[in-house]
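# Structural characterization, general
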Amino acid sequence: MRGNTGMLTLGLGGSNHDFAACLVSDGVIAAGIEEERVRRVKYSVGVNSLFNESWRYCLDMAQARLADVDVIVADDTLLAPAYFPFRKRIHLIRHHMAHAASTFFPSPFERAAILVVDGAGSLIDDQGVETLTTAVGEGTTITELSKVLGTNWSTDGLSALRVYQAGDSDHSLGYMYKAVSKACGFVLYENEYEGRHWYLSEDGKTMGLAPYGTPRYCKQFRDYLTLLPDGRYELHLKNGGLLDFIEHALDGYTGDERFARAADLAYAAQDTLEETLLHVARRLHADTGLTDLCLAGGVALNCVANGRLLRETPFENVFVQPAAGDGGCAVGNAYYGYHVIAGRPREKPARTAQRHAYLGRTYDDGEVRAALDACGLPYRKVDEPSRIGAELLAQGKLLGWFTGGAEFGPRALGHRSILADPRRAEMKDIINARVKHREPFRPFAPAVLREHAADYFDLDIESPYMLIVAPVRPEKQGEVPAIVHVDGTARVQTVTAEDNGAYHGLIEHFHRLTGVPVVLNTSFNDNGQPIVETPQQALEFYGGSRLDWMIIENYVVAHSADDLEALVSSLPSATGSPATD
């Protein structure tokens, strides 16, 4: 029996990767999870989508049965096996509509402009694939204003009649960026299928590399870009276009010279992306007169571009769906089912808005204790885990931090995080060498108490999802060097007591101890792995890692009993029940 007798709508997200599910109950998100967190395969690439578990996870979390669900929605780029169990009930909508719904309906805005940008969406009347869509959201209605359609598209080889995000086309900013990522060597998955080449790029690395570059290649990129008076654009990529240059730009270069030219290539891609989005957004504002902007689509994960949209256009407020990629379509589809298909009103958006991304299930004390007992690591229950965590960080320790429900989306936002002291310039290299094993040029992000954000960053709105990059104020850069990127910026998460609970408490204690209201936050995983979801996964990762300590809910975990005893003796706040209680 479900615990809530109201209306339930189930949204399924993804395309041929990034499968996810979301359950909306009476207009509020009740559960959400990405398939990769459950199946433990990054981006859920290659999993058999017929046996997806994310929708079952959501139903279990809400104590509901499939028969209790009133409406089920997916978008038409999702692999058919993923919705086969619901084939007689499924409603299919266009990919960009799902993205638009994912960012407008959970936003705090009554009325807003919407910008969706990705690699490729739905095939529109055999004319092209969606690559960019502008729209206006008001109440329960989303009205599309314009589209950029990609031509010369490809399929992923599974069906000539269906185009997924893997379909690469002209006029696609996402495809341009993806091609540059591949040229730089940032590819997570790659294969051939019936003569068609398919790969999944790691575009966040390209974004992190770009500030190391110079404008060397910007003119070559601009030669293939035309910004149109109506706010749209043309980007010639295929059949003698920019792709030919991108694919061979680094040929013959090695070592430091190759790194420098790869950075220049990334710089040009980032510059082209930003200038195009600024062109589109300025026209969108001129056409609508609105000052609130909602962003979604995989390109909306480019938090550097998001920061420029906030600073350099007339839009005053920006809401980015925290799961802006294809997985986030699950959120949009669930909301679309509730507001559009079921016709339920959107009441008081400012109060019912998605204030956080902690959509996964919580684990009770019995479940946590069982996982601790099974892992064999020494632990102790404590009264003030946030205070202890802050004291450990102030000593320069690396801390695994696990609390509440998991985040939905690619960012760890304080529930499945690795935390460190941002005051120590060497901390970035320590984390990379001991835990994350990432490229040294990639930055780490700060989490800052909301009321102090403007003191440290050129940022005057909330950024709860770490999806806006802002300049670090020059006078503060020496105070928090571990989170300052080479160009003097940082990918900021603002934290409040209302939305972030114990995580806010930890940062608040750290502020009292050190005078600095900022901690370094990175995801609780190793390079190329999904973020941990369960207590068992977190403890297994910690046990084999070089993290100094782990705090899971109200328990401190150590690598040795001697370390744990020393901690209890040295920290006044580390009191509580021993593991044998």
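On a predicted model such as this, the values are computed, not experimentally measured, just so you know. (Residues numbered from 1 in each chain as written. Predicted model: local features only at pLDDT ≥ 70, side-chain atom pairs only at ≥ 80, totals over all residues. Heavy atoms only, no water.)

### A closer look at the packing of helix 12 (residues 365–375) against helix 17 (residues 535–543)
For any two helices packed against each other, one specifies the crossing angle of their axes together with the interaxial distance. Remark: helix 12 packs on helix 17, axes separated minimally by 9 Å, with the N-to-C direction vectors making an angle of 35°. Note on packing geometry: the crossing formed by helix 12 with helix 17 is right-handed. Residues Val368, Ala371, Leu372 and Cys375 of helix 12 form the contact with helix 17, whose participating residues are Pro535, Gln536 and Leu539. Broken down by class, the residue content of the contact of helix 12 with helix 17 amounts to six nonpolar, one polar and no charged. (Axes fitted to C-alpha atoms, helices over the stretch in contact; angles between N-to-C directions. Helix = DSSP H or I, 4+ residues; strand = E, 2+ residues; numbered from the N terminus. Left-handed = near helix turned anticlockwise from the far one by under 90°. Contact = heavy atoms within 4.5 Å. Nonpolar A, V, L, I, M, F, W, Y, C, P; charged D, E, K, R; others polar.)

### A closer look at the packing of aromatic side chains
What describes a pair of aromatic rings is the distance from one ring centre to the other and the angle between the planes of the rings. With the rule as written, the count across this model stands at 14 aromatic pairs. Between Tyr217 and Phe245, the aromatic rings sit 5.3 Å apart at their centres with planes inclined by 70°, giving edge-to-face as the arrangement. Note that Tyr217 is positioned in the loop between helix 5 (203–209) and helix 6 (218–222) and Phe245 in helix 7 (residues 242–248), a separation of 28 residues in sequence. In this structure Tyr217 comes out as buried when scored by relative accessible area, which is 5%. Taking the centre distance of 6.3 Å and the plane angle of 55° together, the rings of Tyr363 and Phe402 count as tilted. In this pair, Tyr363 is assigned in the loop between helix 11 (349–352) and helix 12 and Phe402 in strand 17 (residues 399–402), connecting sequence segments 39 residues apart. Owing to a relative accessible area of 10%, Tyr363 belongs among the buried residues under this scheme. An aromatic cluster is present here, built from Phe186, Tyr212, Phe259 and Phe441 joined pairwise through their rings. For the cation-ring pair, Lys476 lies above Tyr456, with the distance from its terminal atom to the ring centre recorded as 4.5 Å. (Phe/Tyr/Trp six-rings, centres within 6.5 Å; stacked < 30°, edge-to-face > 60°. Buried < 20%, exposed > 50% of the residue type's maximum accessible area, 1.4 Å probe, protein only. Lys NZ or Arg CZ within 6 Å of the ring centre and 35° of its normal.)

### Observations regarding helix 8 (residues 255–288)
With 34 residues, helix 8 extends 49 Å between its outermost C-alpha atoms, agreeing within 8% with the 50 Å of an ideal straight helix rising 1.5 Å per residue. Remark: Gly289 follows helix 8 within two positions and exhibits a positive phi of approximately 70°. (Expected span 1.5 Å × (residues − 1).)

### A short note on the sheet that holds strand 1 (residues 8–13)
Each strand in a sheet pairs with another by means of backbone hydrogen bonds, the pair being arranged parallel or else antiparallel. Pairing is mixed across the open sheet formed by five strands, whose spatial order is 3-2-1-4-5. The two strands at the open ends of the sheet, each matched to only one other strand, are strand 3 (28–34) and strand 5 (90–93). Along the sheet, successive strands turn relative to each other by an average axial angle of 20°, direction set aside. One ladder, built from four bridges, connects strand 4 (residues 71–75) with strand 5; its direction is parallel. (Pairing = 2+ DSSP bridges.)

### Description of the packing of helix 4 (residues 173–183) against helix 8
At a closest axis distance of 10 Å, the pairing of helix 4 and helix 8 adopts a crossing angle of 175°. One element, helix 4, and the other, helix 8, form an angle in the roughly antiparallel class. In this structure, helix 4 uses Leu173, Met176, Tyr177, Val180 and Ala183 to contact helix 8, whose residues at the interface are Arg258, Leu265, Ala266, Ala269, Gln270, Thr272, Leu273, Thr276 and Leu277. Considered class by class, the residues forming the contact of helix 4 with helix 8 number 10 nonpolar, three polar and one charged. (Parallel < 35°, antiparallel > 145°, perpendicular 65-115°, else oblique.)

### Considering the confidence of the model for the protein
Counting all residues, the mean pLDDT for the protein is 92, and 94% of those residues have values of 70 or more. Confidence drops under pLDDT 50 across residues 157–166; counting only partners more than four residues distant or on other chains, this segment forms 35 contacts. (pLDDT = per-residue confidence, 0-100.)

### Some words on the nonpolar core
Met176, Phe221, Leu277 and Phe457 are the most contacted members of the largest nonpolar core, which totals 163 residues. Counting residues per element, this core draws most heavily on helix 8, which supplies 12 residues. If sequence neighbours within four positions are ignored, Phe457 has contacts with Pro446, Val448, Ala470, Pro471, Val472, Arg473, Ile483, Ala490 and Val492. In this structure, Leu12, Trp55, Cys58 and Tyr83 belong to the second largest nonpolar core, which totals 23 residues. (Core = buried A, V, L, I, M, F, W, Y, C linked by side-chain atoms within 4.5 Å.)

### So, the pattern of salt bridges
Within this structure, the stated rule accounts for 30 salt bridges. Between Arg308 and Glu312 there is a salt bridge whose closest N-O contact spans 2.8 Å. With Arg308 and Glu312 both in helix 9 (residues 303–312) and four residues apart, the pair spans about one turn of that helix. Exposure remark for Glu312: the relative accessible area of 33% places this residue in the partly exposed category. (Salt bridge = Lys/Arg side-chain N within 4 Å of Asp/Glu carboxyl O.)

### Remarks on helix 4
Helix 4 sits mainly inside the fold: 10 of its 11 residues count as buried. Among the residues of helix 4, Leu173, Gly174, Tyr175, Met176, Tyr177, Lys178, Ala179, Val180, Ser181 and Ala183 are the ones counted as buried.

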